[in-house]
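Okay, here's what each chain looks like letter by letter:
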Amino acid sequence: MPFLFTTPEASKGAERHRPRRDGRPLARLGVGRGLSTFACTAAFWASACAQGLAPMPVMEEVPFITTPDNVTVSMLELAGVSAKDFVLDLGSGDGRIVITAARRFGASGLGVEIVPELVERSRRNAQTAGVANRAEFREQDLFKTDLTAASVITMYLLPAVNLALRPALLALKPGTRLVSHDWDMGEWTPDRTVTVQAPGKTVGREKISSLHLWVVPAPVGGLWCGGAGLQWQLRQQFQMVQGQAGPAADLQALQGRLQGATLHLWAPGGQAQTEWQMGPQGPTLRVVGASGAWAPWQGQTLRKANGDRCTG
Ligand SMILES: C[S@@+](CC[C@H](N)C(=O)[O-])C[C@H]1O[C@@H](n2cnc3c(N)ncnc32)[C@H](O)[C@@H]1O
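Residues numbered from 1 in each chain as written. Predicted model: local features only at pLDDT ≥ 70, side-chain atom pairs only at ≥ 80, totals over all residues.

Here we look at the overall build of the protein chain
1) Next: Along its length, the protein chain carries 6 helices and 17 strands.
2) Next: Scored against the burial criterion, the 312 residues of the protein chain give a buried share of 38%.
3) Next: Within the protein chain, residue pairs in contact and separated by at least 24 positions form 57% of the contacts whose partners lie at least 6 positions apart. (Helix = DSSP H or I, 4+ residues; strand = E, 2+ residues; numbered from the N terminus. Buried ≥ 20, exposed ≤ 12 C-beta atoms within 10 Å, placed from the backbone. Contact = placed C-beta atoms within 7 Å.)

Side note on the sheet that holds strand β8 (residues 192-197)
1) Next: Taken in spatial order, the 7 strands of this open sheet run β5-β4-β3-β6-β7-β9-β8, and their pairing is mixed. Here the strands that pair on one side only, and so sit at the sheet edges, are β5 (135-139) and β8. This sheet shows a mean twist of 20° between the axes of neighbouring strands, independent of strand direction.
2) Next: Strands β4 (108-113) and β5 of the sheet are contacted by helix α5 (residues 116-128), whose axis makes an angle of about 165° with β5. (Pairing = 2+ DSSP bridges. Axes fitted to C-alpha atoms, helices over the stretch in contact; angles between N-to-C directions.)

What about the environment of A261?
1) Next: With respect to the helices, strands and loops of the structure, A261 is situated in the loop between β13 (252-259) and β14 (262-267).
2) Next: Separated by 44 residues in sequence, A261 and P217 have C-alpha atoms that sit 6.2 Å apart.
3) Next: The residues touching A261, leaving out its near neighbours within four places in the chain, are P174, G175, A218, E275 and W276.

Description of the pairing of strand β16 (residues 282-292)
1) Next: Relative to β16, strand β15 (residues 270-279) runs antiparallel, the two sharing 10 bridges. By the bridge assignment for β16, Q273 is matched with G289.
2) Next: In this antiparallel pair of consecutive strands, β15 and β16, the connection spans 2 residues.

Here's the deal with the pairing of strand β11 (residues 230-237)
1) Next: As paired strands, strand β10 (residues 222-225) and β11 are joined by 4 bridges and run antiparallel to one another. Looking across to β11, one finds that C225 is bridged to Q231.
2) Next: Sheet analysis places β11 next to strand β12 (residues 240-247), joined by 8 bridges and oriented antiparallel. Bridged to Q236 within β12 is V241.
3) Next: Remark: 2 residues form the turn of the hairpin made by β11 and β12, two consecutive strands paired antiparallel; F238 in that turn has positive phi of roughly 55°.

Focus: the packing of helix α3 (residues 69-78) against helix α4 (residues 96-105)
1) Next: Running from amino to carboxyl end, α3 crosses α4 at an angle of 65°, the nearest separation of the two axes being 10 Å. Judged by the inter-axis angle, α3 sits roughly perpendicular to α4. Here α3 and α4 pass one another in a crossing that is right-handed. In this structure, α3 contributes T72, V73, M75 and L76 to the contact, and α4 contributes R96, I97, T100, A101, R104 and F105. (Parallel < 35°, antiparallel > 145°, perpendicular 65-115°, else oblique. Left-handed = near helix turned anticlockwise from the far one by under 90°.)

Overview of unusual backbone geometry
1) Next: If you check the backbone angles, D182 has positive phi at about 75° while not being a glycine.
2) Next: Position of D182 among the secondary structure elements: in the loop between β7 (177-181) and β8.
3) Next: Residue D182 is classed as buried on the basis of its C-beta count, with 26 C-beta atoms lying within 10 Å.
4) Next: One non-glycine residue with positive phi stands out, namely A228, at about 55°.
5) Next: Examined against the element boundaries, A228 turns out to sit in the loop between β10 and β11.
6) Next: Judged by C-beta crowding, with 7 C-beta atoms within 10 Å, A228 ranks as exposed.

A few points about the nonpolar core
1) Next: Ranked by internal contacts, the top residues of the largest apolar core, which has 51 residues, are M75, V81, V87, V98, A101, I153 and L157.
2) Next: When residues no more than four places from it in sequence are discounted, the contact partners of V98 are V87, D89, S92, G109, L110, G111 and A135.
3) Next: Membership of the second largest hydrophobic core comes to 19 residues, among which are L234, L265, V287 and W294. (Core = buried A, V, L, I, M, F, W, Y, C linked by C-beta atoms within 7 Å.)

Things to note about α5
1) Next: With 13 residues, α5 ought to run about 18 Å at 1.5 Å a step, and its terminal C-alpha atoms sit 19 Å apart, in line with that.
2) Next: Along α5, the residues classified as buried are L118, V119, S122 and A126. All buried residues of α5 lie within an arc of 100° about the axis, which places them on one face of the element. Those residues of α5 that are exposed and angled more than 90 degrees off the buried face are P116, E117 and T128.
3) Next: G130 occupies a position one or two residues after α5 and carries a positive phi of about 75°. (Expected span 1.5 Å × (residues − 1). Arc of directions from axis to C-beta.)

Digging into α4
1) Next: Among the 10 residues in α4, 8 count as buried, and that is most of the element.
2) Next: Every buried residue belonging to α4 is among R96, I97, V98, I99, T100, A101, A102 and F105, and all of these are buried.
3) Next: Looking at the buried side of α4, the elements it contacts are α3, β3 (86-90), β4, α5, β5 and β6 (152-155).
4) Next: The first or second residue beyond α4 is G106, which carries a positive phi of 75°.

Below you can see the structure in the form of structure tokens.
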């Protein structure tokens, strides 16, 4: 059960830093349509999302609450962090996620944090851990941060903040891994969720953390054109895909699921695996595995149609 930031128990565990040097409050987010004050509960957010309320700046700040060390390690393991990764922690607190990524997993990374003294503390912690050359910390608003350099993004924020970030996260390079401690991203269901014991957690009655992983899906919605008049019409919602495939006169229903740039498709009688790539001529889907009725597609490359028809 995630913590409720509005309960007295949560306030005890949260180190509150406000106001900022410029007098502005920390990240304040809520939902619009005339809602002003409310308890920030998972139930509230589920209902707000179901009603399609758009996140907008209104209320509720993200306090400084640390991710316990064992949970930090689990978050980085869930993302499969290695020395090849650049880890970006949005709202980095005392720097522990980026520092652990560097020290234990050999990664490099950046933490952005709005509270100056936490940034200073993070830099000192990175020095002490001997990873200051690979763990950078900046006093910076996470909403004004360039996310594109990251191969892994970690978050321990609030549901509304996750939702406000969602469009920018979805636009990242396919394959970018995102891990959120406790909070999900509404209708964008995680690719994987794990629950870990969190005896060191300073908030919540149950000392348990939920960790959610998403792999940014490639944008594959639209019409794709292959050889010999074959086409795929794909509709995409986050990582889930539905559509039709075949010659225009004999289209068969299909379903699919993306994991980053890899699209798994299945239909009655066969399945295929494709890789999305962005080339100089635009995006392509290359069939890298196919079986059953789909076997003839093996090795084909489909190109995105310019309009609503496949020509040539
Ligand atoms: C729940 S703490 C998580 C700290 C750390 N990531 C961890 O997991 O241990 C959230 C952090 O986000 C910071 N924060 C809140 N709003 C922010 C904003 N707009 N930009 C950057 N940091 C922000 C807070 O100061 C706080 O340190």
